[in-house]
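# Structural features, examined
Okay, here's what each chain looks like letter by letter:
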Amino acid sequence: MTPLPRHPKLVTGKVRDLYDAGDDRLLIVASDRISAFERVFATPVPDKGRVLTAMSVFWFGELADVLPNHLVACDGPAIPDTVRGRAMLVERLEMLPVEAVVRGHLTGRGYADYRRDGAVCGLELPRGITESARLPEPIFTPSTKARPGEPDENIDFGTFVSILGRALAEEVREASLELYRRGAARAAEQGLLLADTKFEFGIGKHGGLVLADEVLTPDSARYWLADGHRPGRPRPSFDKQHVRDWLVGPASGWDCVSQLPPLPPEVVTATRDRYIEAYHRITGLCLADWPRDPA
Ligand code: ATP
Ligand code: MG
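Predicted model only: the values in this text are computed from it and were never measured.

Cut-offs applied
Residues numbered from 1 in each chain as written. Chains lettered and ligands numbered in written order. Predicted model: local features only at pLDDT ≥ 70, side-chain atom pairs only at ≥ 80, totals over all residues. Heavy atoms only, no water. Helix = DSSP H or I, 4+ residues; strand = E, 2+ residues; numbered from the N terminus. Buried < 20%, exposed > 50% of the residue type's maximum accessible area, 1.4 Å probe, protein only. Contact = heavy atoms within 4.5 Å. Areas by Shrake-Rupley, 256 points an atom, 1.4 Å probe, with all protein chains shown as cover. Near = heavy atom within 4 Å. Polar contact = N/O pair within 3.5 Å; in protein donor to acceptor, adjacent residues only side chain to side chain. Nonpolar A, V, L, I, M, F, W, Y, C, P; charged D, E, K, R; others polar. Pairing = 2+ DSSP bridges. Axes fitted to C-alpha atoms, helices over the stretch in contact; angles between N-to-C directions. Core = buried A, V, L, I, M, F, W, Y, C linked by side-chain atoms within 4.5 Å.

### Quick look at the overall build of the chain
- Secondary structure assignment for the chain yields 6 helices and 16 strands.
- With respect to the three principal axes, the spread of C-alpha positions in the chain is 55 × 50 × 40 Å.
- Here the chain holds 295 residues, and the buried ones make up 51% of them.
- Counted over contacts in the chain with a minimum sequence separation of 6, partners at least 24 positions apart contribute 62%.
- Accessible surface, the chain as shown: approximately 14,000 Å² in total, 51% of it carbon and sulfur.

### A closer look at the site of ligand 1
- The full set close to ligand 1 counts 17 residues, and Lys14, Arg16, Glu91, Lys145 and Glu200 are the nearest of them.
- Within the side chain of Arg16, a nitrogen or oxygen atom sits 2.5 Å from an oxygen atom of ligand 1.
- A distance of 2.9 Å is found between a nitrogen atom of ligand 1 and a side-chain nitrogen or oxygen belonging to His70.
- Considering ligand 1 on its own, with 600 Å² of exposed area, one finds that the protein chains cover 83% of that surface.
- Looking at the shell around ligand 1, the elements that each hand over two or more residues are β2 (16-20), β3 (25-30) and β7 (87-91).
- The residue inventory of the shell around ligand 1, partitioned by class, reads 8 nonpolar, 2 polar and 7 charged.

### Some remarks on the sheet that holds β7
- Spatially, 5 strands are ordered β1-β2-β3-β7-β6 in an open sheet, and the strand pairing comes out antiparallel. Each edge of the open sheet is held by one strand with a lone partner, namely β1 (9-12) and β6 (71-73). This sheet shows a mean twist of 30 degrees between the axes of neighbouring strands, independent of strand direction.
- Pairing of β6 with β7 involves 2 bridges; the strand directions are antiparallel. Bridged to Leu71 within β7 is Val90.
- With respect to the sheet, helix α1 (residues 48-62) is in contact with β3, β6 and β7, its orientation differing from that of β7 by roughly 45 degrees.

### Here's the deal with the pairing of strand β15 (residues 209-212)
- Side chains Leu209 and Leu211 of β15 all project onto a buried face; the interleaved residues Val210 and Ala212 project onto the opposite face, where all are buried too.
- As paired strands, strand β14 (residues 192-203) and β15 are joined by 4 bridges and run antiparallel to one another. Of the residues in β15, the one forming a bridge with Phe201 is Leu211.
- Hairpin connection of β14 to β15: 5 residues between the antiparallel strands, including Gly207 at a positive phi of 95 degrees.

### Here's the deal with the nonpolar core
- In this structure, Phe199, Phe201 and Tyr223 are the most contacted members of the largest nonpolar core, which totals 65 residues.
- When near neighbours in sequence (up to four residues on either side) are disregarded, Phe199 contacts Glu99, Ala100, Val102, Ser176, Leu179, Tyr180, Leu211, Val215 and Leu216.
- Ranked by size, the runner-up nonpolar core spans 10 residues in total, among them Val120, Leu125, Ala133 and Leu135.

### Structural notes on the environment of Glu62
- Looking at where Glu62 falls in the secondary structure, it is placed in helix α1.
- C-alpha separation for the pair Glu62 and Arg182, spaced 120 residues apart in sequence, amounts to 8.7 Å.
- Apart from the residues within four sequence positions on either side, Glu62 is in contact with Arg182 and Arg186.

Right, dumping it as structure tokens:
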């Protein structure tokens, strides 16, 4: 991680590093690390930290009328030069110990749960839904936020209420569904489907719910090409699915237990290209211009 002389390090996450910026603020620095199945690869993906940061900042702006967010600044004197472009100064929050997942299409762990139980997070779904098919309505499928190295656990809404209390649980569910709908609408205008995503929230010092962490990035969301939709099959995606597929495929030689193998250069390049393309498609902006110098 990048040492910052004026900011004490607080936490090293799988992908991001948190520093104390004083005044109830944090500096969140997105690295080029990439994770899969709760583990981190030793091989970085160049420019990934810039994409995560630029895309979160874009979405915080787009979604600001739905809910306040933690972003204070992403450029200017508060951001050290060495991490410019991949750092955000944010309000430090009391994070909720849950992950707020919304699914508009059924894939990944949601699809696996559905195949086994006919339900996801206690929500019964119609029979015969195929892999990656669109759901009749987006569904809220929360999970716990596990300790490092442990998998998050899907929970039903009753359990979610027992963790947060009813009023807050309902507020988080409604906010998450609305954020998803807004994100999916923008993605659709740009020729992409927002299959599913995860949000994290915290409570600000005045007690209100605040959107935190990263938002609708290729690390926290699945984006698919809208064209060529074939339910029953995985789709071309602009997220880290490519890395997961390589890892569980025969080429990686990974036994699901040992340390992750190094990523081959072609997987790194393909992943980098997908992250950058997701940014270009969603925002209509160019990563080379990020962060923009004030005019
Ligand atoms: P996690 O599963 O907790 O996300 P991680 O290893 O994926 O762990 P990163 O996502 O790399 O961690 O690091 C970001 C961490 O910062 C997360 O734990 C997230 O909950 C936390 N975080 C994000 N925004 C804020 C905020 N405004 N105040 C306090 N903590 C925050
Ligand atoms: Mg995280």
